[in-house]
Amino acid sequence: MAVLHGLHIRGRGTFRSPAVEAAFAAVPRHLFLPGMDLATAYAPQVVVTKRAPDGSALSSASHPNMVATMLEQLDLQPGHRVLEIGAATGINAALLAELTGPSGAVATVEIDSELAARARTALTAAGYDQVQVVCGDGAFGHPDLAPYDRIIVTAGAWDIPAAWWQQLTPHGRMVVPLRLHGSGLTRSIAFHRHADTLLISDSVKVCGFVPLRGASDSAAHTIQLADDITLNLAANTGSRALGRALTHPAHQIWTGIMIGDTDPVEHLDLWLATSTDHFARLSLTPTAHRHTALDPAPRWAGATLHDGDATLADHTAQVLHR
């Protein structure tokens, strides 16, 4: 299963270094997802591992391809000291331990005591008991092992807390899924630190993550359009009338623009968010996808425009050739 797991990621061209590919082959992912069959544990998909009472995801095992993408952004080397914010299942911490080797050090911080305990148990069972699992608020980092050569964040952050700056070495590297818009539009951004006051980004990847909880949390502004359909938008950019948008007849207009799977159009949503005050993101459950005219294209993460009143325009795509 681990071999097929790696083949999927390699087939997408994500692996850039032999070390990251070897780490994926070495970590027994299924040990971190107890109770799940092997096919699910190694499938190319997100696996939600804890939900809030309202059904929203509180924690998950990220899509393997996204995990590999961020590890390549991180450029971790043997002997490095690395801090992870958001232990979740512990899978990523195990990969970090593989990459840093016996001469390195890995600490992972998890705000949820139940998840921290699970991650600690799984890491020990998988043979990574050298990883230090800390239950605490990731916004404050983990000063006990600082400074770190690398910091990686595995939850959506609204900002870069001072503690992360302070605990990163002068020439260290940090990978953070930053939320760039009130709707939750997020990018995994790799920063290289220059001196004391400057972080320079050299890599940006499309992603989506459960938001950080704790001191750095920021409430999202949402409108419930239907039981399984949520509109996420910047605060104060839309009226309650938007909640009635789905009661109006739907109209579909095709632009005639043809794009391929490898065409560099993944940042269309970012362009829309920075060129209008009426950008939002639709969130639909699988059930909603089957019972509504709305069909936002996954590659643009539910990118939607609204008029501030009761009209929505979602961006979709249709498959013309296989």
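Cut-off values and rules
Residues numbered from 1 in each chain as written. Predicted model: local features only at pLDDT ≥ 70, side-chain atom pairs only at ≥ 80, totals over all residues. Heavy atoms only, no water. Helix = DSSP H or I, 4+ residues; strand = E, 2+ residues; numbered from the N terminus. Buried < 20%, exposed > 50% of the residue type's maximum accessible area, 1.4 Å probe, protein only. Contact = heavy atoms within 4.5 Å. Areas by Shrake-Rupley, 256 points an atom, 1.4 Å probe, with all protein chains shown as cover. Lys, Arg positive; Asp, Glu negative; His and termini not counted. Charge placed at Lys NZ, Arg CZ, Asp CG, Glu CD. Core = buried A, V, L, I, M, F, W, Y, C linked by side-chain atoms within 4.5 Å. Axes fitted to C-alpha atoms, helices over the stretch in contact; angles between N-to-C directions. Parallel < 35°, antiparallel > 145°, perpendicular 65-115°, else oblique. Left-handed = near helix turned anticlockwise from the far one by under 90°. Nonpolar A, V, L, I, M, F, W, Y, C, P; charged D, E, K, R; others polar. Pairing = 2+ DSSP bridges. Phe/Tyr/Trp six-rings, centres within 6.5 Å; stacked < 30°, edge-to-face > 60°. Arc of directions from axis to C-beta. Salt bridge = Lys/Arg side-chain N within 4 Å of Asp/Glu carboxyl O.

Turning to the overall build of the protein, a few remarks are in order. On a plain count of helices and strands, the protein comes out with 9 helices and 14 strands. Along the first, second and third principal axes, the C-alpha atoms of the protein reach 60 × 45 × 40 Å. Relative to its full complement of 322 residues, the protein shows a buried share of 46%. Taking all contacts inside the protein whose residues are at least 6 apart in sequence as the whole, residues at least 24 apart take part in 58%. On the protein, roughly 16100 Å² of surface is accessible, and the fraction owed to carbon and sulfur atoms is 55%. Separation between the mean location of the 22 positive side-chain charges and that of the 29 negative ones in the protein comes to 2 Å.

Residues Phe24, Phe32, Leu71 and Tyr128 are the most contacted members of the largest nonpolar core, which totals 40 residues. The set of elements that each furnish at least two residues to this core consists of helix H2 (18–26), helix H4 (64–74), helix H5 (91–100) and helix H6 (113–125). No other element matches the 7 residues that H5 contributes to this core. Other than its neighbours up to four places away in sequence, Leu71 contacts Val20, Phe24, Leu76, Asn92, Leu95, Leu96, Leu99 and Ile152.

The N-to-C vectors of H4 and H5 enclose an angle of 40°; their axes lie 12 Å apart at closest approach. As the angle between them shows, H4 and H5 are arranged oblique. Crossing hand, H4 versus H5: right-handed. Touching Val67, Leu71 and Leu74 of H4 are Asn92, Leu95, Leu96 and Leu99, all from H5. Classifying every residue of the contact of H4 with H5 by side-chain character gives 6 nonpolar, 1 polar and no charged.

Our focus in this paragraph is the environment of Asp228. By secondary structure assignment, the location of Asp228 is in the loop between strand S10 (221–226) and strand S11 (229–233). Residue Asp228 is classed as partly exposed on the basis of its relative accessible area, which comes to 31%. Separated by 31 residues in the primary sequence, Asp228 and Ile259 place their C-alpha atoms 29 Å from one another.

Let's shift gears to the sheet that holds S11. Within the open sheet, the 5 strands sit side by side as S10-S11-S12-S13-S14. Their pairing is antiparallel. Among the strands making up the open sheet, the edge pair consists of S10 and strand S14 (312–314). Along the sheet, successive strands turn relative to each other by an average axial angle of 30°, direction set aside. As paired strands, S11 and strand S12 (residues 279–284) are joined by 5 bridges and run antiparallel to one another. Note on S12: the bridge partner recorded for Leu233 is Ala280.

What follows covers the sheet that holds strand S7 (residues 168–179). In sheet architecture, strand pairing relies on hydrogen bonds along the backbone and comes in two forms, parallel and antiparallel. In spatial order, the strands read S5-S4-S3-S6-S7-S8-S9; together these 7 strands make up an open sheet with mixed pairing. Each having just a single partner strand, strand S5 (132–135) and strand S9 (198–207) make up the two edges of the open sheet. Across this sheet, the average inter-strand angle for adjacent strands is 15°, counted without regard to direction. With respect to the sheet, H6 is in contact with strand S4 (105–110) and S5, its orientation differing from that of S5 by roughly 170°.

The subject of this paragraph is the packing of aromatic side chains. Applying the stated criterion to the full structure yields 1 aromatic pair. Here Phe15 and Phe24 contribute two aromatic rings whose centre-to-centre distance is 5.7 Å and whose plane-to-plane angle is 65°, an arrangement assigned as edge-to-face. For Phe15, a relative accessible area of 11% translates into the label buried.

On to H2, then. Listed in full, the buried residues belonging to H2 are Val20, Ala23 and Phe24. Projected onto a plane normal to the axis of H2, the buried residues spread over an arc of 100° and lie on a single side. Residues Pro18 and Ala25 are exposed on H2 and point more than 90 degrees away from its buried face.

Attention shifts here to the pattern of salt bridges. Two side chains that carry opposite charge are able to pair once their charged atoms sit near each other. For the structure on display, the rule yields 7 salt bridges. A salt bridge links Lys50 to Asp112, with the shortest nitrogen-to-oxygen separation between them at 2.7 Å. Pair noted here: Lys50 is in strand S1 (residues 47–51) and Asp112 is in the loop between S4 and H6, with a separation of 62 residues, a long-range link. With a shortest N-O distance of 3.8 Å, Asp75 and Arg150 are connected by a salt bridge.

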